[in-house]
Amino acid sequence: MTSLARQDGWLAVPRPNPQARLRLFCFPYSGASASVYYRWADGLPAALEVCPVQLPGRGTRLSEPPFSRLDDMVPLAAEALVPYLDRPFALFGHSMGALLAFEVARYLRRHHRVAPARLVVSGHSGPQLPDRNPPLHGLPEPEFRERLRELNGTPPEVLEHPELMQLLIPILRADFAASETYVYRAEEPLDCAIAAYGGLADLHVSRAELEAWREQTTGPFSLRMLPGDHFYLNTQQALLLQSLAREFAEFANAA
């Protein structure tokens with residue numbers, strides 16, 4: 001089996017696990033780096049190898065310009081995973097990362113005829129639905145900062161740090177542009193299982209909008225709502241990981 005190094009360009013793996021029975025590739029939300037998933041290995045079965053995806057413009061790729069179009073990002077991200085699809089794999093993505101994970105799954109089906117064991121999407125409406133939230137990427141800076149504060153995904157100490165914000169705002173604008181300019185193209189539904197997750201207090205994505213992911217698979221579909229807002233995956237990380245451990249119990253039990 002192919003072994004993953006700790007850093008491999010698109011992948012930043014905190015705990016390489018050559019004996020893993022399943023690789024879980026995790027796509028970050030807007031403005032986030034692979035580091036948001038670094039501690040996930042502590043809460044998931046040892047049979048899983050957590051493989052955070054590092055997007056350009058952050059972490060070890062800080063010198064690279066971020067993508068502002070999902071269509072440009074998907075082929076490169078998908079091809080970067082191909083050498084590591086020598087065993088069962090799953091895709092997880094939150095918010096923008098959910099769209100990216102979905103399109104990577106469709107790209108891998110079209111170009112490589114492989115499919116994840118499961119696609120786990122979080123904090124984003126079904127891709128076929130129009131985005132009901134007003135676009136953010138072109139807002140003047142004062143309004144942009146205020147909207148970031150309202151979204152509650154950027155720590156207050158970062159919002160108040162001019163040097164950090166100078167680095168972060170171009171990445172956030174690019175990521176929001178990638179999500180907000182996304183155009184859904186109809187294809188046959190995936191045949192892998194899809195699990196959708198959301199926060200009960202998320203004002204930006206409703207339960208009905210998460211339920212719309214059901215249309216994207218001919219396989220099993222599940223929806224789970226956890227306490228918290230749009231960034232419940234950070235505040236309720238232990239609960240989420242417990243649920244994900246159950247999602248992948250078949251691999252853990254086999255191990």
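Here the structure is a predicted model, which means the values were calculated and not measured.

Rules and cut-offs
- Residues numbered from 1 in each chain as written.
- Predicted model: local features only at pLDDT ≥ 70, side-chain atom pairs only at ≥ 80, totals over all residues.
- Heavy atoms only, no water.
- Pairing = 2+ DSSP bridges.
- Helix = DSSP H or I, 4+ residues; strand = E, 2+ residues; numbered from the N terminus.
- Axes fitted to C-alpha atoms, helices over the stretch in contact; angles between N-to-C directions.
- Contact = heavy atoms within 4.5 Å.
- Buried < 20%, exposed > 50% of the residue type's maximum accessible area, 1.4 Å probe, protein only.
- Parallel < 35°, antiparallel > 145°, perpendicular 65-115°, else oblique.
- Nonpolar A, V, L, I, M, F, W, Y, C, P; charged D, E, K, R; others polar.

This next bit is on the sheet that holds strand β6 (residues 118–122). Strand order in this open sheet of six strands is β4-β3-β5-β6-β7-β8, and the pairing throughout is parallel. Edge positions in the sheet fall to β4 (48–52) and β8 (221–226), since each has one partner strand and no second. If you compare each strand with its neighbour and ignore which way they point, the axes differ by 15 degrees on average. Sitting on the sheet, helix α2 (residues 96–112) touches β3 (22–27), β5 (89–94) and β6, and the angle it makes with β5 is about 150 degrees.

The next point concerns the pairing of β4. Within β4, five of the five residues are buried, which leaves the element mostly enclosed by the surrounding structure. Every second residue of β4 is oriented toward a common face, with Leu48, Val50 and Pro52 on one face and Glu49 and Cys51 on the other, all of them buried. Relative to β4, β3 runs parallel, the two being bridged by five bridges. By the bridge assignment for β4, Leu24 is matched with Val50.

Glancing now at the packing of helix α3 (residues 141–151) against helix α5 (residues 162–180). Closest axis-to-axis distance for the α3/α5 pair is 12 Å, and the angle between their directions is 80 degrees. Judged on the interaxial angle alone, α5 and α3 are roughly perpendicular. Every residue of α5 that contacts α3 at Glu141, Phe144, Arg145, Leu148 and Leu151 is listed here: Met165, Ile169, Leu172, Arg173 and Phe176. In terms of residue class, the contact of α3 with α5 is made up of seven nonpolar, no polar and three charged.

Geometric descriptors of this kind do not, in isolation, establish any biological role.
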